[in-house]
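Architecture at a glance
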Amino acid sequence: MKKNLWFWIVGLVGFALDQLTKYWVVQTFPNIGDTIPLWLGVFHFTYVINTGAAFSFFEGGAKWLRWLSLAVSLGLMALAWWGEKMKVTEQLGYGFILAGALGNGLDRFLFSYVVDFFDFRLINFPVFNLADVFINVGILFLLISSFSPQSSH
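My aim in this report is to walk through the structure given alongside it, one point at a time. Worth saying up front: this structure is predicted, and the values here are computed from it rather than measured.

Quick look at the nonpolar core now. In terms of nonpolar packing, the biggest core is built from 16 residues, with Val 25, Phe 45, Phe 117 and Phe 118 touching the most fellow members. For this core, the elements supplying multiple residues, two or more each, are α1 (5–28), β2 (43–50), α3 (88–111), β3 (114–120) and α4 (130–146). Among the nonpolar cores identified, the runner-up in size contains seven residues, and Leu 76, Ala 80, Met 86 and Leu 98 belong to it.

The next point concerns the packing of aromatic side chains. In the structure shown here, the tally under the stated rule is 18 aromatic pairs. Both rings, one in Phe 45 and one in Phe 118, keep their centres 5.9 Å apart while their planes meet at 45°; by these two values the pair is tilted. Placement of the pair is Phe 45 in strand β2 and Phe 118 in strand β3, with a sequence separation of 73 residues. The residues Phe 45 and Phe 118 share a single accessibility class, namely buried. A centroid spacing of 6.0 Å and a plane angle of 15° characterise the contact between Phe 120 and Phe 128, whose relative ring orientation is stacked. Since its relative accessible area comes to 34%, Phe 120 is described here as partly exposed. Members of the aromatic cluster, joined through ring pairs, are Trp 24, Phe 29, Phe 43, Phe 45, Tyr 47, Phe 117, Phe 118, Phe 120, Phe 125 and Phe 128.

Within the secondary structure, Trp 67 is located in helix α2 (residues 62–82). For the pair Trp 67 and Gly 105, spaced 38 residues apart in sequence, the C-alpha separation works out to 7.8 Å.

Each value, and the rule that gives it
Residues numbered from 1 in each chain as written. Predicted model: local features only at pLDDT ≥ 70, side-chain atom pairs only at ≥ 80, totals over all residues. Heavy atoms only, no water. Core = buried A, V, L, I, M, F, W, Y, C linked by side-chain atoms within 4.5 Å. Buried < 20%, exposed > 50% of the residue type's maximum accessible area, 1.4 Å probe, protein only. Helix = DSSP H or I, 4+ residues; strand = E, 2+ residues; numbered from the N terminus. Phe/Tyr/Trp six-rings, centres within 6.5 Å; stacked < 30°, edge-to-face > 60°.

Have a look at this one:
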């Protein structure tokens, strides 16, 4: 695990944060659809459930998405464990993607849906969660890594 330490740290801490935020939402909001405006009409915390992928794509696809999340998670862990030492930006990228895949994947296996709550109403954006954010941050780190010199371990 030392070889790609940042991967494991980001993946596990991100997974824990994702699960804690979803637990907070479920415990705080009595009903699906309940909302707390942090900036009225701009940004709310809104309790919704999503049976699809990020941003409600593939609505109702939780059955096959759970297996995709599992395959991505296991593939990333195998890469970090048995693969070569990655650049730090790669470790961060794959670690964030692991956090998101584990977070939403566990929910799909346990409940057949994920809890979403970040609600940007100003731009009418689909409600999403921390796991979705982590996956996108991970992709950003991988893009940065692809433009970085190879020798920056």
